[in-house]
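An overview of the molecular structure
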Amino acid sequence: MNYYGKTDIGKRRENNQDCLGAKTLECGITVLAVCDGMGGVKGGEIASSLALDTFLGACERDLKPYMEDGQIRGVLTAAVHEANTAVFRKGNACEELSGMGTTLVAALILHGLDYMFIVNVGDSRAYSVCGDSITQLSFDHSYVQFLVDKGDITPAEAATHPDRHVITRAVGVADAVRPDIDRIDIERKGDAPYYLLLCSDGLTGMISNDEILKHVNSATSPDDRMDSLIGAANEAGGDDNITVLIAEL
Ligand code: MG
């Protein structure tokens, strides 16, 4: 399985608090993750990289071949909790890191099977792109999503809402966290390539799902695909750090 990713500082931030990572394990599982940190000058960067490393390390240590779904969910839940504890403890131990936290979106791809697991805390996102369709696979834990669900605002209003960056769940800001863990069927369309995209809100806050679809499909190579997505987000303003991680299934 081919995967590739890139992160970019964007046009307005002074540092990059996003990070990404992926690992193919001996048990025939590939784990991919994106984290978008927040909290102070140093805090966001430390929170995102610590959460990512802890999560990937726990997956590598605890995932075994031929696990049943319930066991996989158990490992993923424990891995998120381990990441949460690591960030929360570090934030509590050092005043300038106090209150730091991070989003975490991850995909667990079981080689040869027609489903995968998506793990999510916060407002980074997972999408599938296949043929002419793009599907958001994760559910934002954000204040504007809460308002959309209540029927108070429309998704279009959410995109420009002044509080659109406020998230309602994060890794590392409290002593416990509740991740979404969803089993997703990989629905292919004929021979069209199937792309799994993980990204931070620096991409989705700047360009629409239709634009993401267009850039993923029209690219001529992996480098071109990453550069055209990041380039489009920067052309639209580059308000935030931009991260994309793509797997071709
Ligand atoms: Mg961000």
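Residues numbered from 1 in each chain as written. Predicted model: local features only at pLDDT ≥ 70, side-chain atom pairs only at ≥ 80, totals over all residues. Heavy atoms only, no water.

1. Here we look at the pairing of strand S3 (residues 29-38)
Spelled out, the test is: Exposed residues in this analysis have more than 50% of their type's maximum accessible area, buried residues have under 20%, and partly exposed residues fall in between, with area computed by a 1.4 Å probe over protein chains only. Where helices and strands are cited, they refer to DSSP runs of H or I of at least four residues and of E of at least two residues respectively, numbered from the N terminus. DSSP-based pairing: two strands are paired if at least 2 bridges between them are found.
With nine of ten residues buried, S3 lies mostly within the body of the structure. Sheet topology places strand S2 (residues 18-24) next to S3; seven bridges connect them, and they run antiparallel. Within the sheet, the bridge partner assigned to Leu20 lies in S3 and is Val34. Count of turn residues in the S2/S3 antiparallel hairpin: four residues, of which Gly28 carries a positive phi of about 80 degrees. With two bridges joining them, S3 and strand S4 (residues 101-102) adopt antiparallel strand pairing. Each bridged residue has a counterpart across the sheet, and for Met38 the counterpart in S4 is Gly101.

2. A closer look at the packing of aromatic side chains
Which entries qualify depends on this criterion: Two rings from Phe, Tyr or Trp (for Trp, the six-membered ring) form a pair when their centres sit within 6.5 Å of each other. Planes less than 30 degrees apart are called stacked, planes more than 60 degrees apart edge-to-face, and all others tilted. Only when the NZ of Lys or the CZ of Arg is both within 6 Å of the ring centre and within 35 degrees of the ring normal is a charge said to sit over the ring.
One pass over the structure, following the stated rule, counts two aromatic pairs. Ring geometry for Tyr115 versus Phe117: centroids 6.1 Å apart, planes at 85 degrees, classification edge-to-face. By relative accessible area, Tyr115 is classed as buried at 13%. With centroids separated by 6.3 Å and ring planes inclined at 25 degrees, the aromatic side chains of Tyr143 and Phe146 adopt a geometry described as stacked. Of the two residues, Tyr143 and Phe146 both sit in helix H3 (residues 143-150), three residues apart, roughly one turn of that helix. Judged by its relative accessible area of 43%, Phe146 falls in the partly exposed class. One Lys or Arg, Arg183, reaches over the ring of Tyr115 and ends 3.5 Å from the middle of that ring.

3. Describing the sheet that holds strand S7 (residues 125-130)
For clarity, the cut-off: In this description, a line fitted to the C-alpha atoms serves as the axis of each element, helices being fitted only across the stretch in contact, and the angle between N-to-C directions of two axes falls anywhere from 0 to 180 degrees.
If you trace the five strands from one edge of the open sheet to the other, you get S1-S11-S10-S7-S8, paired in antiparallel fashion. Each having just a single partner strand, strand S1 (2-8) and strand S8 (133-136) make up the two edges of the open sheet. Taken pair by pair, the neighbouring strands of this sheet meet at an average axis angle of 20 degrees, ignoring direction. Pairing of S7 with S8, which is carried by four bridges, proceeds in the antiparallel orientation. Within the sheet, the bridge partner assigned to Val129 lies in S8 and is Ile134.

4. A short note on helix H1 (residues 43-62)
Let me state the cut-off plainly: What a helix should span is 1.5 Å times the count of its residues minus one.
Over its 20 residues, H1 extends 28 Å from the first C-alpha to the last, a length consistent with the 28 Å expected when each residue adds 1.5 Å. Taken together, the buried positions of H1 are Gly43, Gly44, Ala47, Ser48, Ala51, Leu52, Thr54, Phe55, Leu56, Ala58 and Cys59.

5. Points about the coordination of the magnesium ion
Short version of the rule: With water excluded from the atoms, a metal site may look incomplete; its donors are any N, O or S atoms within 2.8 Å, or within 3.2 Å for Na, K and Ca.
The protein atoms donating to the magnesium ion are Asp36 (OD), Asp201 (OD) and Asp240 (OD), with metal-donor distances spanning 2.1 to 2.2 Å. Residue classification places Asp36 among the buried positions, given a relative accessible area of 9%.

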